[in-house]
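# Results of the structural survey
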Amino acid sequence: MLPGVASARERPYVLLSCAMSIDGYIHDATETRLLLSNDADLDRVDAERAGCDAILVGAHTIRQDNPRLLVRSPDRRAARTARGLPPSPAKVTLTAHGDLDPVAAFFTAGDADKIVYCASPVVEQVCARLGRVATVVDAGNLIDLYDLLTDLAERGIRRLMVEGGSSMHTQFLTAGLADEAQLVVAPFFVGNSKAPRFVGDGDFPWNAGRRATLVDVQQIEEVVLLRYALSDRYGARGGL
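Position numbers for residues count from 1 along each chain, tracking the sequence in the order it is written. Whole-chain, interface and lining totals are the exception, using all residues; otherwise, since this is a predicted model, local features are given only for residues with pLDDT of at least 70 and side-chain atom pairs are given and counted only at 80 or more. For side-chain calculations, the full set of non-hydrogen atoms in the structure is used, while hydrogens and water are omitted.

## A few points about the overall build of the protein chain
Per the secondary structure count, the protein chain includes 7 helices and 9 strands. In terms of overall dimensions, the protein chain has a C-alpha envelope of 45 × 45 × 35 Å along the principal axes. Summary of the burial criterion: residues with accessible area below 20% of their type's maximum are buried, those above 50% are exposed, and those between are partly exposed, where the area comes from a 1.4 Å probe applied to protein chains only. Counting every position in the protein chain, which comprises 240 residues, the buried fraction comes to 47%. We call two residues contacting when some pair of their heavy atoms lies within 4.5 Å. Taking contacts inside the protein chain between residues at least 6 apart in sequence as the whole, the part at least 24 apart equals 72%. Residue burial considers only the protein chains on display, and all accessible areas are found by Shrake-Rupley using a 1.4 Å probe. Approximately 11800 Å² of the protein chain is accessible, and the part contributed by carbon and sulfur atoms is 50%. Note on conventions: DSSP H or I runs of at least 4 residues are helices, E runs of at least 2 residues are strands, and numbering of each starts at the N terminus.

## Side note on helix H6 (residues 145–154)
With 7 of 10 residues buried, H6 is to be regarded as a mostly interior element. Three or more residues of H6 are buried, namely Leu145, Asp147, Leu148, Leu149, Thr150, Asp151 and Leu152. The definition of a polar contact used here is a pair of N or O atoms within 3.5 Å, where within protein one atom must be able to donate a hydrogen and the other to accept one, and adjacent residues in sequence count solely through side-chain atom pairs. Structurally, the start of H6 carries an N-cap: the backbone nitrogen of tyrosine 146 is 2.8 Å from a side-chain oxygen of aspartate 144. Of the residues one or two after H6, glycine 156 is the one with positive phi, at around 90°.

## Quick word on the packing of aromatic side chains
Stacked, tilted and edge-to-face are the three classes applied to pairs of Phe, Tyr and Trp rings, where Trp contributes its six-membered ring and a pair requires centres within 6.5 Å; stacked means planes under 30 degrees apart, edge-to-face means over 60, and tilted covers the rest. Within the structure shown, the criterion is met by 1 aromatic pair. Each ring, one from phenylalanine 106 and one from phenylalanine 107, has its centre 4.9 Å from the other, and the planes form 75°; the classification is edge-to-face. In terms of burial, phenylalanine 106 and phenylalanine 107 fall into one category: buried. Should the NZ of a Lys or the CZ of an Arg lie within 6 Å of a ring centre and within 35 degrees of the ring normal, that charge is described as sitting over the ring. Lysine 91 extends its terminal NZ or CZ atom over the ring of phenylalanine 106, reaching a point 5.8 Å from the ring centre. Here the guanidinium or amino end of arginine 197 rests over the ring plane of tyrosine 25, the centre of that ring lying 4.1 Å away.

## So, the nonpolar core
In this structure, Leu56, Tyr117, Leu152, Leu160 and Phe172 are the most contacted members of the largest nonpolar core, which totals 30 residues. Other than its neighbours up to four places away in sequence, phenylalanine 172 contacts Val14, Leu16, Leu56, Leu145, Leu149, Leu160, Val162, Leu177 and Ala178. We define a nonpolar core as any set of buried Ala, Val, Leu, Ile, Met, Phe, Trp, Tyr and Cys residues linked to one another through side-chain atoms lying within 4.5 Å. Counting residues in hydrophobic clusters, the runner-up holds 21 residues, among them Leu15, Leu100, Leu130 and Met161.

## Some details on the side chain of histidine 27
Its place among the elements puts histidine 27 in the loop between strand S1 (13–20) and helix H1 (39–50). Within polar-contact distance, the side chain of histidine 27 engages the backbone nitrogen of alanine 29 at 3.0 Å.

## Considering the pairing of strand S3 (residues 90–95)
Summarising burial for S3: 6 of the 6 residues are buried, a large majority. Should DSSP find at least two bridges between two strands, the strands are taken to pair. Inspection of the sheet shows strand S2 (residues 54–56) paired to S3 by 3 bridges, in the parallel sense. Its bridge partner lying in S3, isoleucine 55 is registered against lysine 91.

## Overview of the environment of alanine 105
Tracing the chain through its elements places alanine 105 in helix H4 (residues 105–108). Judged by relative accessible area, alanine 105 falls into the buried class, the value being 10%. Separated by 42 residues in sequence, alanine 105 and arginine 63 place their C-alpha atoms 9.9 Å apart. Once residues lying within four places of it in the same chain are set aside, the contact partners of alanine 105 are Asn66, Pro67, Arg68 and Lys91.

## Remarks on the pattern of salt bridges
Between Lys or Arg on one side and Asp or Glu on the other, a salt bridge is scored when a side-chain nitrogen of the former is within 4 Å of a carboxyl oxygen of the latter. Tallied over the full model, the rule gives 12 salt bridges. For aspartate 179, the salt bridge is made with arginine 11, and the minimal N-O distance between the two is 2.8 Å. Of this pair, aspartate 179 sits in the loop between helix H7 (166–174) and strand S7 (180–185) while arginine 11 sits in the segment before S1; the two residues are 168 residues apart in sequence, bridging distant segments of the chain. Since its relative accessible area comes to 0%, aspartate 179 is described here as buried. Of the charged contacts in the structure, one is a salt bridge between glutamate 48 and arginine 159, with a shortest N-O distance of 3.5 Å. With a gap of 111 residues between them, glutamate 48 in helix H1 and arginine 159 in strand S6 (residues 159–162) connect regions that are remote in the sequence. Look at glutamate 48 and you get buried, because its relative accessible area is 13%. Where salt bridges share partners, they join Glu48, Arg159, Glu180 and Arg227 into one cluster.

Okay, here's the thing in structure tokens:
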């Protein structure tokens, strides 16, 4: 089982990264991957990955997108190796049901550690299915992000990049566990209420009465990067 919750200063710095349409969608509900970014921005994301200790995605994202979550640049991989780090950050996911495929790219691509936090009722089946390709952690009957972050901190993770999907971003934000958000906006609309958005419904700490702090706006060819500071840790530990 996971240990007790650490204070905010002891948990990893949490960076949320997402690309979306003007109307906030991250997919268009078709079977074809929706391209929301460009090569220049993907290189920027690659640099962010290279500066992190771990990357987290939800189990649904693994099933739907089959992401590799690797640092692409040979120079960045070499720089990490020179610092005594694996070429790419560790990969982290969480699952309540355990329905993950051991041959998914999340598990087979790269040599970095793979960590799966799962609910207690499915620990045995997840260990049987994924025990040879990942470290399986019993996260209790209900997976608590506070406890998950505490466990990651004890594993040496200081900077965590959350790359989706909608449920993960929603959970980290509503729990008040995000320190920074990097949101890329593509210049088009999706306009399909059946498609997933950046976040779902929730009680967010940032609202009309308590607004997030916009710290940077950058045009990257046809897309725009918005960088928000979501806690006082931005700029002090792990941020710019």
